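# Close look at the chain arrangement
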Amino acid sequence: MISMSVDNLSSWRFTRLRWICSLLKSNQVWVAGGALRTAIDPTAEIADYDLFFASKDKADVTIDRLKQLGWKLVFECPKGELYTFKYRGIKVQCITKHYYPSAEALIDSFDFTVCQAAYDGWTLTLTKNFIRSVKKKRLMINKVTYPVATINRISKYKAKGHAVTEERLVEI
């Protein structure tokens, strides 16, 4: 695991990440996953910002805060596991299916190494395989918890130009 300050990263993408994190006014809330690929690949497009939490309380406070700030709730999963908000063309998803004690535990839960990064407004936590996967546009499997979801995500990443080998597909 690598943890680093991102004070020297001043791209507009990290400015937006800092802004989203500053709105939340909370620790133990992380922006994680695909949006952070831009730390390594500035050409990567950001479809949305996925938020993960250390506890239900942190999630509830964040969801309430987004509503108070005028973010529009455009989708709420009937099981209460996903809340999607939009504001000025920015899409944020609050993912509440699981809670994580740390950024390291969070990124270790991801299926692909290309998603293994988390940012809390102060610290960027990632793996060496994250950097390698993003630079080479290769889908490397970390772990498969939900095989159907992982297979669906393979299609999404292939459309973005990422390669996956036959042996990786057999693993799933």
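Predicted model, so just to flag it, every value in this text is computed and none were measured. (Residues numbered from 1 in each chain as written. Predicted model: local features only at pLDDT ≥ 70, side-chain atom pairs only at ≥ 80, totals over all residues. Heavy atoms only, no water.)

On to the nonpolar core. One finds Tyr49, Leu51, Val92, Cys94 and Leu106 to be the most contacted residues of the largest nonpolar core, which totals 45 residues. With five residues, helix α1 (residues 12–24) is the single largest residue contributor to this core. (Core = buried A, V, L, I, M, F, W, Y, C linked by side-chain atoms within 4.5 Å. Buried < 20%, exposed > 50% of the residue type's maximum accessible area, 1.4 Å probe, protein only. Helix = DSSP H or I, 4+ residues; strand = E, 2+ residues; numbered from the N terminus.)

All right, on to the pairing of strand β5 (residues 82–87) then. Note that strand β4 (residues 72–76) and β5 share four bridges and pair antiparallel. Bridge assignment links phenylalanine 75 to a residue of β5, and that residue is threonine 84. What sits between the antiparallel neighbours β4 and β5 is a turn of five residues, in which glycine 80 has the positive phi angle 75°. The sheet contact formed by β5 and strand β6 (residues 90–95) spans six bridges and is antiparallel. Residue pairing across strands places threonine 84 opposite glutamine 93, the latter belonging to β6. Turn length for the β5-β6 hairpin, with the two strands adjacent in sequence and antiparallel, is two residues, and the turn residue arginine 88 shows positive phi of about 50°. (Pairing = 2+ DSSP bridges.)

Moving on, we get to the confidence of the model for the chain. Averaged over all residues, the pLDDT of the chain equals 87, while 88% of them reach at least 70. For the chain, the element scoring lowest by mean pLDDT is helix α6 (residues 166–171), at 60; β4 scores highest, at 98. (pLDDT = per-residue confidence, 0-100.)

This structure, assessed with the given rule, holds four salt bridges. Here lysine 97 makes a salt bridge to glutamate 81, at a shortest N to O gap of 3.7 Å. Here lysine 97 is found in the loop between β6 and α3 (103–108), whereas its partner glutamate 81 is found in the loop between β4 and β5, with 16 residues between them in sequence. Its relative accessible area of 24% is what places glutamate 81 among the partly exposed residues. The salt bridge partner of arginine 153 is aspartate 111, with a shortest N-O separation of 2.9 Å. Of this pair, arginine 153 sits in helix α5 (residues 147–159) while aspartate 111 sits in the loop between α3 and β7 (117–119), placing them 42 residues apart in sequence. Assessed through its relative accessible area of 24%, arginine 153 is described here as partly exposed. (Salt bridge = Lys/Arg side-chain N within 4 Å of Asp/Glu carboxyl O.)

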